[in-house]
Amino acid sequence: MAVQASGVFRPPCFDSVTISRQAIERVFREESGLILAGLIRLMGDFELAEDALQEAFATACDRWPAQGVPENPAAWLTTTAKRKAIDQLRRARVRADARSRTAGAEEGPNAMMESWMGSSLQDDRLRLVFTCCHPALNQKAQVALTLHTLGGLTTAEIARAFLVPPATLGQRLVRARTKIRQARIPYEVPEDPLLAERLPAVLAVLYLIFSEGYSATSGDELVRRELCAEAIRLARILVALMPGQPEVLGLTALMLLHDSRRAARTSASGEIVLLEDQDRGLWDREEIAEGTEMLKRALLMRQSGSYQLQAAIAAVHSTAPRPEQTDWAQIVGLYDALLRHQPSPVVALNRAVAVAMAEGVERGLALVDEAGRSGTMENYLYFHSARADLLRRLGRLEEARAAYRRAFELAGSTPEKTFLRRRLDALAAC
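Residues numbered from 1 in each chain as written. Predicted model: local features only at pLDDT ≥ 70, side-chain atom pairs only at ≥ 80, totals over all residues. Heavy atoms only, no water.

Trainee: Give a detailed account of the packing of helix α17 (residues 381-393) against helix α19 (residues 414-428), specifying residues and quantitative values.
Mentor: In contact at an axis separation of 12 Å, α17 and α19 are set at 25 degrees when each is read in the N-to-C sense. Relative to α19, α17 is oriented roughly parallel. Helix-helix and strand crossings are classified by hand; for α17 and α19 the assignment is left-handed. On α19, the residues that touch Leu381, Tyr382, Ser385, Asp389 and Arg392 of α17 are Glu416, Leu420, Arg423 and Leu427. Residue classes in the contact of α17 with α19 are distributed as four nonpolar, one polar and four charged. (Axes fitted to C-alpha atoms, helices over the stretch in contact; angles between N-to-C directions. Helix = DSSP H or I, 4+ residues; strand = E, 2+ residues; numbered from the N terminus. Parallel < 35°, antiparallel > 145°, perpendicular 65-115°, else oblique. Left-handed = near helix turned anticlockwise from the far one by under 90°. Contact = heavy atoms within 4.5 Å. Nonpolar A, V, L, I, M, F, W, Y, C, P; charged D, E, K, R; others polar.)

Trainee: How would you summarise the pattern of salt bridges if you had to cite specific residues and measurements?
Mentor: All told, the structure shown has 18 salt bridges when counted by the stated rule. Between Glu230 and Arg233 there is a salt bridge; the shortest N-O distance is 3.1 Å. In this pair, Glu230 and Arg233 both sit in helix α10 (residues 225-241), three residues apart, roughly one turn of the helix. Among the ionic pairs, Asp389 bridges to Arg392, the shortest N-O distance being 2.6 Å. Here Arg392 and Asp389 lie together in helix α17, a separation of three residues that amounts to about one turn. Owing to a relative accessible area of 15%, Asp389 belongs among the buried residues under this scheme. Classification of Arg392 by relative accessible area gives partly exposed; the value is 29%. Each of Glu276, Asp389, Arg392, Arg393 and Arg423 takes part in one network of salt bridges that share partners. (Salt bridge = Lys/Arg side-chain N within 4 Å of Asp/Glu carboxyl O. Buried < 20%, exposed > 50% of the residue type's maximum accessible area, 1.4 Å probe, protein only.)

Trainee: Describe the confidence of the model for the chain, and please don't skip the residues or the numbers.
Mentor: Predicted confidence across the chain gives a mean pLDDT of 82, with 86% of residues reaching 70 or more. In the model of the chain, helix α4 (residues 109-117) stands out as the element of lowest mean pLDDT, 42, in contrast to helix α11 (residues 246-259), which has the highest, 97. Here residues 103-121 scores under 50 on pLDDT; set against residues more than four positions off or in separate chains, the count is 24 contacts. (pLDDT = per-residue confidence, 0-100.)

Trainee: For unusual backbone geometry, give the residues involved together with the corresponding values.
Mentor: Phi is positive for Arg302, close to 55 degrees, though the residue is something other than glycine. Here Arg302 lies in the loop between α12 (285-299) and α13 (306-319). The exposed category is assigned to Arg302, whose relative accessible area is 76%.

Trainee: Break down the packing of aromatic side chains for me, with residues and values.
Mentor: Inspection of the entire model under this criterion finds four aromatic pairs. With centroids separated by 5.9 Å and ring planes inclined at 85 degrees, the aromatic side chains of Tyr207 and Tyr307 adopt a geometry described as edge-to-face. Of this pair, Tyr207 sits in helix α9 (residues 192-214) while Tyr307 sits in helix α13, placing them 100 residues apart in sequence. In terms of burial, Tyr207 and Tyr307 fall into one category: buried. Between Tyr380 and Tyr382, the aromatic rings sit 5.7 Å apart at their centres with planes inclined by 75 degrees, giving edge-to-face as the arrangement. In this structure, Arg261 packs its charged tip against the face of Trp283, placed 5.8 Å from the ring centre. Stacked on the ring of Tyr214, the Lys or Arg Arg265 has its end atom at 3.7 Å from the ring centre. (Phe/Tyr/Trp six-rings, centres within 6.5 Å; stacked < 30°, edge-to-face > 60°. Lys NZ or Arg CZ within 6 Å of the ring centre and 35° of its normal.)

Trainee: Tell me about the environment of Ser260, residues and numbers included.
Mentor: Its place among the elements puts Ser260 in the loop between α11 and α12. Judged by its relative accessible area of 1%, Ser260 falls in the buried class. Once the C-alpha coordinates of Ser260 and Ala289 are considered, the two residues, 29 residues apart in sequence, prove to be 9.6 Å apart. With residues near it in sequence (within four places) discarded, Ser260 still touches Leu282, Trp283, Asp284, Glu287, Ile288 and Ser318. Separated by 2.6 Å, the side chain of Ser260 and the backbone oxygen of Leu257 make a polar contact. (Polar contact = N/O pair within 3.5 Å; in protein donor to acceptor, adjacent residues only side chain to side chain.)

Set out below in structure tokens:
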């Protein structure tokens, strides 16, 4: 089992048994976050829990090619990882007993095992989110650690989301784990008075998990459905916990409205289909209705926030019968409000694209270039792809080719690379 220096683990590759490889990769993508969350509660230590899960995957590598894939691979891995974890705890208990015979000096491996075996009905993954989002950690570390442990994202994938070098992100993860261990941060959903102070980081985590699922930064598929579903599931739990928080409703609405378009975002062969070209008959009307209703509930509370504004933008798209009937002027106005709440180059870029649709391509391109002047967008794929599209529409083909080439260099997933390659090929024929 290969482990990257950052501590990120990945299932191994099988050279000879394709079915086993596919099974373990699928289980890793879909179930590792759930298994790891339970192990962290047992072990009380992120790194020890990851070691136990890593050993379970290694055991699967040894046994599945010869014995066959279990009927329920996730359950098999969970049971194996629990055994590995308990073995580690027992070894730690023996070492602790040898050092000190003082009973009850502090919670030890026995207490942790009893806690796990008699676990409450609280959702382990929600515990994990709130643990990672403890105020003792800075917000960037909170988000990065949760994306790694719950979402199973690699250091490189998270680094792309943060627009920072992978080495910087790796150091951030190590410091966060060390802080949790040294500060003895409890693995729990806090009491109601403490929920609010962790809420911004928790919402940011859930949205980034959803975003990685909605547009995967690497791999052969554009969408990682299990991440989208997990983010929405956890958001719904938060709605039940905090029904009076408009931004919780706003984020849940935003994710539902985006997720409603998932089936139309790729063709039968897995290629990207842009919003303007999507078959709107494939959009999930039940999700649109649910998301719109949640947004209305949030707006009635009259506490405007960035997630509500983004959900409102998504709702404008979702309610347009045809692309040409999209109210782009309203979308620009919503982006104006969003910029006041959340000033950032990415929001400015999205507003610039909306302006291009509402007021003309030249005006939009000028704003795109303005958003890029800070230099923070140089390694941001969607800055270059948006700029390339506007240059193409203006007939500035050489500049468009250069922008598409830069976007292609930054693309991580196969569907994105395929889409950008086709755009480059089309320009080459002009």
